Amino acid sequence: MKNILFLFMTITFWSVSTANGQGFRAGVNAGYLMHLQPETGGPGVGVEVGAWGSWALTAHGQLQFSVGHRRLGGFSRLHLETRVSGTVTDIRRTVSAIQLTALHFLDAELGWAMPFNAESPWSYYAGAYYARLVDWQDFDRTITSIEESGRRFGEVSDPNWPVRDELRSDDFGLRLGISYQILEGLSGRLDIRRGLTDLVPGARFTDSPKDHLTAFSIGLSARLF
């Protein structure tokens, strides 16, 4: 059902964007973002790109819809397991490590934009988003040290842990932002995004009860027509 909703919103955006109705504008945006991590308190880094459309429904306010791709990188989520087994003449010491490094989302967002006043280059924005997890990146290794009959050697393997089971498939939340018109058709943006769901509900990577997204982004928005 959520996949269907996401597809419907995307098709609606591109269908309307082909229309030449009065008050319609469309463009692209891109930016860098930093997201907080509850385990470490330090930020991770990421990027976002997308396309947007807006409709002037009042003299100053605009209904705005956007779709895009967002990558949350720089995760500090590491899970370690150690095991010792064997006999007096055959001892195995195994260390397994897996680290979650990045999450990739497709976003759809609907909101309202309005200038501070009629002459001001500054404007503010408030909206809600829905995001679908489409990919992730991780690093995993298992290193085994073996002592056998006075001989010592090692083995390295990829355990291929089921990382997908630790992750939530979707996210939704709120975004607030301000923008400044640098020149006609080009604006700088500063946003804060707050997720309302637990991105990493599995216990393997986190001890935090809730891993909600808190992200700050800065970027540019360009109007195409």
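Within any chain, residue numbers begin from 1 and follow the written order of that chain's sequence. The model is predicted, so local features are restricted to residues of pLDDT at least 70 and side-chain atom pairs to those at 80 or more, both for listing and for counting; the totals for chains, interfaces and linings are taken over all residues. Hydrogens are left out, water is left out, and the side-chain values use all remaining heavy atoms of the structure.

Caption draft 1: Just the overall build of the protein, in detail. Of the regular secondary structure elements, the protein holds one helix and nine strands. Only heavy atoms enter the contact rule, under which two residues are in contact if any of them lie within 4.5 Å. Contacts spanning at least 24 positions in sequence make up 65% of the contacts within the protein whose residues lie at least 6 apart. The method behind every accessible area is Shrake-Rupley, applied with a 1.4 Å probe, and residues are considered shielded solely by the protein chains displayed. Here the protein displays about 12600 Å² of accessible surface, and carbon together with sulfur accounts for 61% of that area. We count a stretch as a helix when DSSP gives it H or I for four or more residues in a row; a strand needs E for two or more, and each element gets its number in order from the N terminus.

Caption draft 2: How the structure looks around the side chain of arginine 189. Following the sequence through the fold, arginine 189 ends up in strand β8 (residues 186–195). Polar contacts here mean pairs of N or O atoms no more than 3.5 Å apart (in protein, one a potential hydrogen donor and the other a potential acceptor; neighbouring residues in sequence count only if both atoms are side-chain atoms). At 3.0 Å, the side chain of arginine 189 forms a polar contact with the side chain of aspartate 191. Filtering out sequence-adjacent residues up to four positions away, arginine 189 remains in contact with Asn29, Arg175, Ile178, Ser179, Ser217, Ile218, Gly219 and Ser221.

Caption draft 3: The packing of aromatic side chains, seen in detail. Think of it this way: a Phe, Tyr or Trp ring, Trp meaning its six-membered ring, pairs with another when their centres are within 6.5 Å, and the plane angle makes it stacked under 30 degrees, edge-to-face over 60, tilted otherwise. One pass over the full model with this rule turns up four aromatic pairs. Centre to centre, the rings of phenylalanine 24 and phenylalanine 225 are 5.8 Å apart; their planes meet at 45°, and the pair counts as tilted. Of the two residues, phenylalanine 24 is situated in strand β1 (residues 24–36) and phenylalanine 225 in the segment after β9 (214–223); the sequence distance between them amounts to 201 residues. When accessible area is computed with a 1.4 Å probe and restricted to protein chains, residues below 20% of their type maximum are described as buried, those above 50% as exposed, and intermediate ones as partly exposed. For phenylalanine 225, a relative accessible area of 43% corresponds to the partly exposed category. Here the aromatic residues Phe24, Trp55 and Phe225 are joined through ring pairs into a cluster of three or more. Lying across the ring of tyrosine 129, arginine 193 places its NZ or CZ 5.3 Å from the centre. Working rule: Lys NZ or Arg CZ, within 6 Å of ring centre, within 35 degrees of ring normal, means a charge sits over the ring.

Caption draft 4: Expanded view of the side chain of arginine 70. Inspection of the secondary structure puts arginine 70 in strand β3 (residues 62–86). By relative accessible area, which is 1% here, arginine 70 ends up buried. Side chain to side chain, arginine 70 and aspartate 107 meet in a polar contact 2.8 Å long. When neighbours within four sequence positions are excluded, arginine 70 is seen to be in contact with Leu33, Val47, Glu48, Leu103, His104, Phe105, Asp107, Tyr129, Ala131, Arg193 and Leu213.

Caption draft 5: Up close: the pattern of salt bridges. Throughout this description, the term salt bridge denotes a Lys or Arg side-chain nitrogen within 4 Å of a carboxyl oxygen of Asp or Glu. What the rule picks out here adds up to 10 salt bridges. One salt-bridge network, in which partners are shared between bridges, spans Glu48, Glu109, Arg175, Arg189, Asp191 and Arg193.

Caption draft 6: Up close: the environment of aspartate 165. By the secondary structure assignment, aspartate 165 is in the loop between β6 (151–157) and β7 (170–183). Relative accessible area serves as the criterion here: at 61%, aspartate 165 is assigned to the exposed category. A C-alpha to C-alpha distance of 9.0 Å links aspartate 165 and proline 201, two positions 36 residues apart in sequence.

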